[in-house]
Amino acid sequence: MLKQFMREVSKLLGEERLITDPSDLEAYVRDYWPYLVIKEAKGAKLGPRPKAALLPETEDEVVEIVRLAERERIVLIPYAGGTGVLGGTLGPDQDFVIVDLGRMNWIRWFDEEAGIVDVGPGTLLIELEKWLNDRGKSLRHYPQSLPEAAIGGLVATRSSGQYSTGYGSIENLVKGLNVVIPSIGLLRVPPAPRRSLLYPLKELFIGSEGTLGIITRVYLEAADLPEKSQKISWLCNDFSRSLKVAKVIVRKRVSPELFRVFDNFETQITFGDEGSLSVGIIEGEKDLVESKYEAISRVVKLSGCKLVDSKKADVWLEERFNVIKKIKDLFKVGLAFETIEVSATWGRIVDVYKHVIESLLRLKGVEYTGAHSGHFYGSGAALYFTIVFDVERLDEIYDKIWDVVMETTNEYGGSIGHHHGVGVQRWKWIELEYGDNGIKVMSSIKRALDPNGIMRDLMPFKISRCKK
Ligand SMILES: Cc1cc2nc3c(=O)[nH]c(=O)nc-3n(C[C@H](O)[C@H](O)[C@H](O)COP(=O)(O)OP(=O)(O)OC[C@H]3O[C@@H](n4cnc5c(N)ncnc54)[C@H](O)[C@@H]3O)c2cc1C
């Protein structure tokens, strides 16, 4: 079956776009899942390895690849920027083939008046952003992986960026998409501002993580570049006070477009200050920016917090895309870190935060941990935990860290995943949130669209590991 598949894709793509050399296939052996990054740095030989990587350039080629894979029962793993942090581009133990979408990297206007661009799934976000900026527009989708992440992966993981509070996350920017589905073929969801037509087909694939098909085209809505941009920073005594202030600001609808609140630990580490720092960038039309600035300042003063030099934000703004360097620096001193993001409503968020931190610090091998919130909603916010641990205890401690964050978040009423997706790591806990029937619905969708399981397995580790 594999031989036949390879013969036919070689005819379709030519030798140059069919990678089989093991040393070239090294590039696909992991994404940025910290567990594997650490394993590799410690000298482990990673696997399983793909049999080949295919480099399609057109949607028609992807349709043909999926048709052949379905016929020959070959597992396909889509690969965009490779910056996923939960192992989503890893293959199963059986033979599998990577579909690297890097050459499907076109950018063109679909509708210039509407600001809707037609983008290939392999387009690097940073290239798209430059292209838009040259035309007076911006996506304002700035995940910290901005330099390396690509559109297909960002959509497939339901990603969220630093300006999400003002501009929304990827699901708010995707106005249409095309996807090749194993049991069906090409599905086109044309761009529209919004629709009400029975099942939300577009949404099904935003966050589907390569389990239901391959996204081949995305229509994204860009915003006009803002007329004015104004930084603002303030300091509260503690994180729970900062979150209360954030709630008032968001509920009054005067929130900064970029809004980030650090707990006391992260404030100390990043800025060298005592207390809990909030930083924001307010953007838009000049008068609006000024009135929002005034409104936020009033809320801050009334709450007993104090405005500080708005340049505070620069420390973090300058460093924000240097995460990979930080990982390497920590590793040199025998430490590594994991980041886990969850969310909670306003009434629960402080409990989730406190109990997760307390439980993590009780784990032997966890050196320190802190959190921030960077995505705000009328009803609540995301919490992003950074957990620094002794690299020598990786195997002993890694799942325990996840257990603590997932189970404590669930126990105190939070939601166990905000924007990194599931990959091969978070499946174990999904049932906690959705229950048995949620898993049944997911399995039914998977069986209907991918009956022969040629896309990534839905539950690599099944939920049993969750019930130990
Ligand atoms: C330093 C760093 C900072 C990060 N910061 C953020 C952040 O701020 N916000 C955030 O949301 N995430 C962040 N991430 C996580 C990561 O960047 C996102 O998950 C991103 O969306 C992955 O995009 P990618 O192109 O790299 O996808 P990949 O890693 O290539 O793929 C991710 C998943 O999507 C699937 N996939 C890829 N392309 C397609 C396609 N065309 N069709 C169907 N499935 C597909 C893959 O099979 C895989 O399951 C960060 C990661 C790093 C390393």
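Keep in mind it's a predicted model, so treat the numbers as computed, not measured.

Asker: How would you sum up the packing of helix α10 (residues 239-251) against helix α12 (residues 286-302)? Please name residues and give values.
Answerer: The geometry of α10 relative to α12 is characterised by a closest axis approach of 10 Å and an angle of 145° between their N-to-C directions. In the packing of α10 onto α12, the handedness of the crossing is right-handed. Between α10 and α12, the residues in contact are Val245, Val248 and Ile249 and Ile296, Val299 and Val300, respectively. Taken together, the residues that form the contact of α10 with α12 break down as six nonpolar, no polar and no charged.

Asker: Mind laying out the site of the ligand, listing which residues take part and the relevant values?
Answerer: Lining the immediate surroundings of the ligand are 36 residues, of which Gly81, Gly88, Gly152, Gly153 and Gly210 lie closest. Broken down by element, the residue count for the shell around the ligand peaks at four residues, all from helix α6 (residues 151-156). Broken down by class, the residue content of the shell around the ligand amounts to 17 nonpolar, 17 polar and two charged.

Asker: How would you explain unusual backbone geometry if you had to name every residue and give the values?
Answerer: Of note, the bond from Gly47 into Pro48 is cis; its omega dihedral lies within 30 degrees of zero at -5°. Position of Pro48 relative to the elements: it lies in the loop between α3 (34-41) and β2 (52-54). Its identity as a non-glycine residue notwithstanding, Glu209 has a phi of 50°, on the positive side. For Glu209, the position within the fold is in the loop between α9 (201-205) and β10 (214-221).

Asker: A description of the pairing of strand β6 (residues 116-119) should follow, citing residues and the corresponding values.
Answerer: The pairing of strand β5 (residues 107-111) with β6 spans four bridges and is antiparallel. Looking across to β6, one finds that Arg108 is bridged to Asp118. Between β5 and β6, which pair antiparallel in sequence order, lie four residues; one of them, Gly115, sits at a positive phi of approximately 70°. Relative to β10, β6 runs antiparallel, the two being bridged by four bridges. Within the sheet, the bridge partner assigned to Asp118 lies in β10 and is Tyr219.

Asker: For the domain arrangement of the chain, give the residues involved together with the corresponding values.
Answerer: When the domains of the chain are assigned, the result is domain 1 (1-225 + 431-457 + 460-464) and domain 2 (228-319). Computed over C-alpha atoms, the centres of domain 1 and domain 2 are 35 Å apart. Contact residues are listed per partner, giving five residues for domain 1 and six residues for domain 2. Of the residues in the side of domain 1 that touches domain 2, the class split is two nonpolar, three polar and no charged.

Asker: Describe in detail the nonpolar core, supporting the description with residues and values.
Answerer: Counting 121 residues, the largest nonpolar core has Val99, Val155, Leu220 and Leu383 as the members making the most contacts within it. At seven residues, the largest contribution of residues to this core is made by strand β18 (residues 380-390). Three or more residues apiece are contributed to this core by two domains, here domain 1 (1-225 + 431-457 + 460-464) and domain 2 (228-319). Once you skip the residues sitting within four places of it in the chain, Leu220 turns out to touch Ile116, Val117, Val119, Leu139, Leu173, Val174 and Lys175.

Asker: How would you summarise the environment of Glu294 if you had to cite specific residues and measurements?
Answerer: Mapping Glu294 onto the fold places it in helix α12. Separated by 14 residues in sequence, Glu294 and Val308 have C-alpha atoms that sit 14 Å apart.

Asker: Just give me the short version of the sheet that holds strand β9 (residues 185-189), but keep the residues and values in it.
Answerer: Read across the sheet, five strands follow the order β5-β6-β10-β8-β9 without closing on themselves; strand pairing throughout is antiparallel. The strands lining the two open edges of the sheet, one partner per strand, are β5 and β9. Strand-to-strand twist in this sheet, taken as the mean axis angle between neighbours without regard to direction, amounts to 20°. Across the sheet, helix α4 (residues 59-72) lies against β8 (174-181), β9 and β10, angled at about 145° from β10, the strand it touches most.

Asker: Account for the packing of helix α1 (residues 2-13) against α4, naming residues and giving values.
Answerer: Running from N to C, α1 and α4 cross one another at 170°; their axes reach a closest spacing of 10 Å. Classified by the angle their axes make, α1 and α4 are roughly antiparallel. For the pair α1 and α4, contact is made by Gln4, Phe5, Glu8, Val9, Leu12 and Leu13 and by Glu61, Glu64, Ile65, Leu68, Ala69 and Glu72, respectively. Tallied by class, the residues present in the contact of α1 with α4 amount to seven nonpolar, one polar and four charged.

Asker: Report on the pairing of β18, specifying residues and quantitative values.
Answerer: Of all the 11 residues making up β18, eight are buried; the element is thus mostly covered by neighbouring parts of the structure. Judged from the 11 bridges that link them, strand β16 (residues 335-345) and β18 form a sheet pairing that is antiparallel. Counted as the bridge partner of Val342 is Leu383 from β18. Where strand β17 (residues 366-373) lies against β18, six bridges are found, and the strand directions are antiparallel. Note that in β18 the partner of Gly370 across the bridge is Thr386.

What counts and how
- Residues numbered from 1 in each chain as written.
- Predicted model: local features only at pLDDT ≥ 70, side-chain atom pairs only at ≥ 80, totals over all residues.
- Axes fitted to C-alpha atoms, helices over the stretch in contact; angles between N-to-C directions.
- Helix = DSSP H or I, 4+ residues; strand = E, 2+ residues; numbered from the N terminus.
- Left-handed = near helix turned anticlockwise from the far one by under 90°.
- Contact = placed C-beta atoms within 7 Å.
- Nonpolar A, V, L, I, M, F, W, Y, C, P; charged D, E, K, R; others polar.
- Near = placed C-beta within 6 Å.
- Pairing = 2+ DSSP bridges.
- Domains from an automatic or database assignment.
- Core = buried A, V, L, I, M, F, W, Y, C linked by C-beta atoms within 7 Å.
- Buried ≥ 20, exposed ≤ 12 C-beta atoms within 10 Å, placed from the backbone.
- Parallel < 35°, antiparallel > 145°, perpendicular 65-115°, else oblique.

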